[in-house]
Protein chains: 2
Amino acid sequence: MTALVSFEGFTLAPGIPIYQQILLFLKRGAVSGVIQNGDELPSRRVLSALLGVNPNTVQKAYRMLEEEGLIASHSGAKSVMVLDGETLARVRAELLEADARSAAQALRQLGLTKAEALALIERYWE
Amino acid sequence: MTALVSFEGFTLAPGIPIYQQILLFLKRGAVSGVIQNGDELPSRRVLSALLGVNPNTVQKAYRMLEEEGLIASHSGAKSVMVLDGETLARVRAELLEADARSAAQALRQLGLTKAEALALIERYWE
DNA sequence: CTAACTGTATTATACATCTGATACGGTTTG
DNA sequence: CAAACCGTATCAGATGTATAATACAGTTAG
């Protein structure tokens, strides 16, 4: 209950905007249930120090999440995840479709058969 | 034999650098066999007009491919794909690993089981 | 041969991303 | 209460991406 959102296992990938990586990490955590409604987020300053990025970059990610309704911020207090059923269903559908579609398209364009693609995903699962 | 590389089916995705999309399209075409050794590429000007982007953007993609050894350019004449066995194997491994790994990671982070992930890929295959 | 096309290069501009430094007022905590 | 932390905001600068307008020399085709 009201746990602190952990960024353990988060690693920065080169070439992709950092604020987008933070967005994706939090959305995927919410969809998987690792992050729950009411969980507190690390402050902008703390997270930026943890990730080694600028506070403004974290602020941009948090701000966009707030505009999507996944975060509630009150000036002076820590921000909190807001995850009602409707929002969760929307984000889940958004992420599932995007990830599955892009994966299928990439592997098909490489000339793989469906069976070969499934076998490859299975091999890289762990 | 020495066919012209076709960009039919190529659509610009927002948020990803255009020169990277051109790189990926040509690499995937080469790996799948749709593009073959010796095939002529559309000129920088023609392709930029076809895609509705700036010639410099196409030039950047072609230049990077030449640095990787996948394209041969001779000032004044059309550029040509250079796809020996070794290069193809390298690019194939590079793309397969990147695509499969990122897909597996994304779907697993969403809390899906391996079976659910495979079923999802299958659903979005066509 | 000549015109049209090709690769290559340069300069300027615009926008998004990221960083760095700083500041202000609100909230929490000892 | 007071110090420490918080969210928020602003300004400047660096870099990467993309556009726009040219220019020049080499190759190709009629």
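This report concerns the structure included in the present document. Along each chain, the written sequence defines residue order, and numbers are assigned to residues from 1. Here the convention is simple: chains get letters from A, ligands get numbers from 1, in the order in which they are written. Residues qualify for local features only when their pLDDT is at least 70, as the model is predicted, and side-chain atom pairs are given and counted only at 80 or more; totals for whole chains, interfaces and linings, by contrast, use all residues. The side-chain values count all of the structure's non-hydrogen atoms but skip hydrogen atoms and water molecules.

This part takes up the protein's contact with DNA strand C. Lining the immediate surroundings of DNA strand C are 26 residues, of which Pro17(A), Ile18(A), Tyr19(A), Asn56(A) and Arg44(B) lie closest. Backbone sugar and phosphate groups make up 60% of those atoms of DNA strand C lying within 4 Å of the protein. Here a polar contact is recorded for every N or O atom pair within 3.5 Å, except that within protein the pair must consist of a potential hydrogen donor and a potential acceptor, and residues adjacent in sequence are included only if both atoms are side-chain atoms. Thr57(A) places a side-chain nitrogen or oxygen 2.8 Å from a phosphate oxygen of DNA strand C. One nitrogen or oxygen atom from the side chain of Lys60(A) is found 2.7 Å from a phosphate oxygen belonging to DNA strand C. Definition of nearness: a residue and a molecule or strand are near each other if at least one heavy atom of the residue lies within 4 Å of the molecule or strand.

Our next topic: the interface of chain B and chain A. Contacts are assigned to residue pairs that have any heavy atoms within 4.5 Å of one another. The partner chain A presents 30 residues to the 29 residues of chain B that form the contact. Throughout, the accessible surface (probe 1.4 Å) given up by two parts as they are put together, summed over both, is called the buried area. The contact between chain B and chain A buries some 3200 Å² in all, and 72% of this surface belongs to carbon and sulfur atoms. Criterion for a salt bridge: a side-chain nitrogen of Lys or Arg within 4 Å of a carboxyl oxygen of Asp or Glu. Applying the counting criterion to the chain B and chain A interface returns 2 salt bridges. Counting across the chain B and chain A interface gives 3 residue pairs in polar contact (both at pLDDT 80 or more). In this description a helix means any DSSP run of H or I spanning at least four residues, a strand means any run of E spanning at least two, and both kinds are numbered starting from the N terminus. Elements supplying a minimum of two residues to the side of chain B that touches chain A: α1 (18-32), α4 (85-109) and α5 (114-123) of chain B.

Turning to the relation of the copies chain B and chain A, a few remarks are in order. Its rotation angle being 180 degrees, the transformation that places chain B on chain A also includes 0.0 Å of axial translation and leaves an RMSD of 0.1 Å. The operation mapping one copy onto its partner corresponds to a two-fold rotation axis. Taken as a fraction of all interface residues of chain B, those also at the interface in chain A reach 100%, which identifies the copy contact as same-surface. Only residues with pLDDT of at least 70 in both copies contribute their C-alpha atoms to the least-squares superposition of the copies.

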